[in-house]
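So the chains spell out like this:
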Amino acid sequence: MTPSSSAHLPLGDQRSGRFYGKDILTVAQFGREDLEYVFGVAEAMRTMVQHIGTIDLLKGKILANLFYEPSTRTQSSFMAAMQRLGGSVIPISEVRYSSVSKGESLPDTVRTLECYADVIVLRHHEVGAAAQAAEAARKPIINAGDGPGEHPTQALLDLFTIREELGRLDGLTVTMLGDLKFGRTVHSLSRLLSLFGAKLHFVSPEQLRMPAKVTDELTARGISYVEHTSLSAVLPETDVLYVTRVQKERFEDLALYESLKHAFIITPETMKLAKPKMALMHPLPRVGEISTDVDADPRAAYFRQMEYGLYVRMALLAMVLGKA
Ligand code: NCD
């Protein structure tokens, strides 16, 4: 669905109305007030889940979950989100078994699914796929990751996690570590953090630096960032350490992947250099970047981060379907 084709505002809140019938393709669609609104709804969803479990806010609504790439958390949390709001889900998580394997195009696939569903969550291996799907569809498309492009709903839940863990969002020192080139979550998150005057540190191997497309945007917004190849100097001043997996599936040269995959490993020893109050985050899956003996550290927020994702995705579905 294109912005110009948005439906009428629902009764009630204007912010909710801003997202009613809209696609969620990029974090650039969100200003600070929108974020506060999303987080307020997510808080309400949390209270609801903890006290009641499931409600019928989206009863009768159907979500199509269309995943061209593997997913555990994003896929199952969108499913759980829809079901906890009383809606139902068409899961297409193995496009191999759908008509995609017969050569059906993305526009035709989304035009099909929107005949049956009210909203489509799409993960695809190409940058811009969600925008392309949105051009073709009348119903809202939610980008659940477009190749190494963006992952807006992950960034929203990441920001919600920071707010819950540290109690604030303004003026934080955030260090992103790992595969900053191919990791779409850090592309989206650094853009969102630029709204809150964050001081950013990007730690990666030389070959996996943050793309210029992202750093140019940060510079244009007056956000300071510093690039490093080692963590130790910046860790003591870090409020949020956001670790990412080296994205094996995006490498043409697997030998290069092998040489970089364990460039950084967070251990209890590493955590000794970190502030007593900080958040260690990871979008998951982890494949060795954070050793499991860090899990018991109270600063390890990555399991809570997954749970927050449910509430944020419930909020987004309710907003897009005009029920927040
Ligand atoms: C991330 C993704 O798919 O970009 N996973 C997720 O959605 N939680 C991170 C990753 O795959 O490394």
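Cut-offs used in this document
- Along each chain, residue indices are assigned from 1 in the same order as the chain's sequence is written.
- Predicted model: local features are reported for residues with pLDDT of at least 70 only, side-chain atom pairs are reported and counted for 80 or more only, and whole-chain, interface and lining totals are derived from all residues.
- Working from all heavy atoms in the structure, the side-chain values ignore hydrogens and water.
- Here, any two strands with at least 2 DSSP bridges between them count as paired.
- Strands are runs of DSSP state E lasting at least two residues, helices are runs of H or I lasting at least four, and both sets are numbered from the N terminus onward.
- Only the contacting stretch of a helix is used when fitting its axis, a line to C-alpha atoms as for every element, and angles between N-to-C directions run 0 to 180 degrees.
- Contact definition: two residues touch when any of their heavy atoms are within 4.5 Å.
- In what follows, salt bridge is the name for a side-chain nitrogen of Lys or Arg lying within 4 Å of a carboxyl oxygen of Asp or Glu.
- As used throughout, domain bounds are those supplied by an automatic or database domain assignment.
- Buried surface area refers to the total accessible area, computed with a probe of radius 1.4 Å, that the two partners give up upon joining, counted for both partners together.
- Under the rule applied, a polar contact is a pair of N or O atoms within 3.5 Å (in protein, one hydrogen donor and one hydrogen acceptor; residues adjacent in sequence only if both atoms are side-chain atoms).
- Under the convention used throughout, the expected extent of a helix is 1.5 Å for every residue step, that is, one less than its residue count.
- Only protein chains enter the area calculation, which uses a 1.4 Å probe; residues under 20% of their type maximum are buried, those over 50% are exposed, and those in between are partly exposed.
- Should an angle fall under 35 degrees it is taken as roughly parallel, and over 145 as roughly antiparallel, whereas 65 to 115 is taken as roughly perpendicular and any remaining angle as oblique.
- Each crossing is labelled by how the near helix is turned from the far one, with a counterclockwise turn of less than a right angle marking it left-handed and a clockwise turn marking it right-handed.
- Ten residue types, Ala, Val, Leu, Ile, Met, Phe, Trp, Tyr, Cys and Pro, are classed as nonpolar, four, Asp, Glu, Lys and Arg, as charged, and the remainder, Gly among them, as polar.
- Residues are classed as near a molecule or strand on a simple rule: at least one heavy atom within 4 Å of it.
- Note on areas: Shrake-Rupley, 1.4 Å probe, and residue coverage restricted to the protein chains presented here.
- Cavity means a closed set of points on a 1 Å grid over the protein atoms alone, one where a 1.4 Å probe fits but cannot get out, pocket means an open set with protein on both sides within 12 Å along at least 5 of 7 lines, and lining means a residue has an atom within 4 Å of a point.
- Placement in a cavity or pocket follows one criterion, namely that more than half of the molecule's atoms lie within 2 Å of its grid points.

Comments concerning the sheet that holds strand β6 (residues 199-203)
Item 1. Taking strand neighbours across the sheet as the criterion, the five strands line up as β7-β6-β5-β8-β9 in an open arrangement whose pairing is parallel. Strand pairing shows two members of the sheet lacking a second neighbour, β7 (225-228) and β9 (279-281), which therefore form its edges. Adjacent strand axes in the sheet meet at a mean angle of 15°, parallel and antiparallel pairs treated alike.
Item 2. Two strands pair when backbone bridges link them, and strand β8 (residues 240-243) and β9 are joined in this way by three bridges, in the parallel orientation. Looking at the pairing, Leu241 lines up with Leu280 of β9.
Item 3. Against the sheet, helix α7 (residues 184-193) touches β5 (173-177), β6 and β8, its axis set at about 165° to β5.

Concerning the pattern of salt bridges
Item 1. Enumeration over the complete set of coordinates arrives at 23 salt bridges.
Item 2. With its nearest N and O atoms 3.0 Å apart, the salt bridge here joins Glu43 to Arg163. On the criterion of sequence distance, the pair formed by Glu43 in helix α2 (residues 32-51) and Arg163 in helix α6 (residues 152-166) is long-range, its members being 120 residues apart.
Item 3. Of the charged contacts, one joins Glu269 and Lys272 as a salt bridge, the two residues approaching to 2.9 Å between their closest N and O atoms.

What about the domain arrangement of the protein chain?
Item 1. What the domain assignment reports for the protein chain is domain 1 (27-151 + 307-320) and domain 2 (153-304).
Item 2. The centre of domain 1, based on its C-alpha atoms, is set 24 Å off from the matching centre of domain 2.
Item 3. Counting from both sides, the interface comprises 31 residues of domain 1 and, opposite them, 28 residues of domain 2.
Item 4. Approximately 2,600 Å² of surface area, both sides summed, lies buried where domain 1 meets domain 2, with 58% of it carried by carbon and sulfur atoms.
Item 5. Taken together, the connections running from domain 1 to domain 2 amount to seven salt bridges.
Item 6. The interface formed by domain 1 and domain 2 holds 21 residue pairs in polar contact (both at pLDDT 80 or more) in total.
Item 7. Every element with two or more residues in the side of domain 1 that touches domain 2 is listed here: α2, α3 (73-84), β3 (119-124), β4 (141-146) and α11 (302-320).

Quick word on α6
An α-helical turn contains 3.6 residues, so any two residues separated by three or four positions project in the same direction.
Item 1. With 15 residues, α6 extends 21 Å from end C-alpha to end C-alpha; this agrees with the ideal 21 Å at 1.5 Å per step.
Item 2. Of all 15 residues in α6, 14 are buried, a share of seventy percent or more.
Item 3. At the exit of α6 stands Gly167, carrying a positive phi of roughly 80°.

Things to note about the packing of α6 against α11
How two helices pack is summed up by the angle between their axes together with the distance between the axes.
Item 1. It is at 8 Å that the axes of α6 and α11 come closest, and there the two elements cross at 120°. As the angle between them shows, α6 and α11 are arranged oblique. Considering how the two elements wind past one another, α6 and α11 form a crossing that is right-handed. Packed against α6, whose contacting residues are Thr153, Gln154, Leu156, Leu157, Asp158, Phe160, Thr161, Glu164 and Glu165, the element α11 presents Arg304, Gln305, Tyr308, Gly309, Val312, Arg313 and Leu316 at the interface.
Item 2. Of the residues assigned to the contact of α6 with α11, the class counts are six nonpolar, five polar and five charged.

Comments concerning the site of the ligand
Item 1. Every residue near the ligand is listed here: Thr74, Arg123, His151, Gln154, Arg184, Thr185, Arg245, Gln247, Pro283, Leu284 and Pro285.
Item 2. Contact between the ligand and Pro283: a nitrogen atom at 2.9 Å from a main-chain N or O atom of the residue.
Item 3. Between the ligand and Leu284, the relevant distance is 3.0 Å, taken from a nitrogen atom to a main-chain nitrogen or oxygen of the residue.
Item 4. Contact with the protein chains removes 93% of the 320 Å² of surface that the ligand exposes when unbound.
Item 5. When atoms are counted within 2 Å of each cavity's grid points, the one that captures over half of the ligand is the largest pocket.
Item 6. For the shell around the ligand, a count of residues per class yields three nonpolar, five polar and three charged.
Item 7. Counting only domains with at least three residues in the shell around the ligand, you end up with domain 1 (27-151 + 307-320) and domain 2 (153-304).

Details of the side chain of Glu114
Item 1. Counting through the fold element by element, Glu114 comes out in the loop between α4 (106-113) and β3.
Item 2. The residues touching Glu114, leaving out its near neighbours within four places in the chain, are Ile120, Ala136, Ala137, Arg138 and Lys139.

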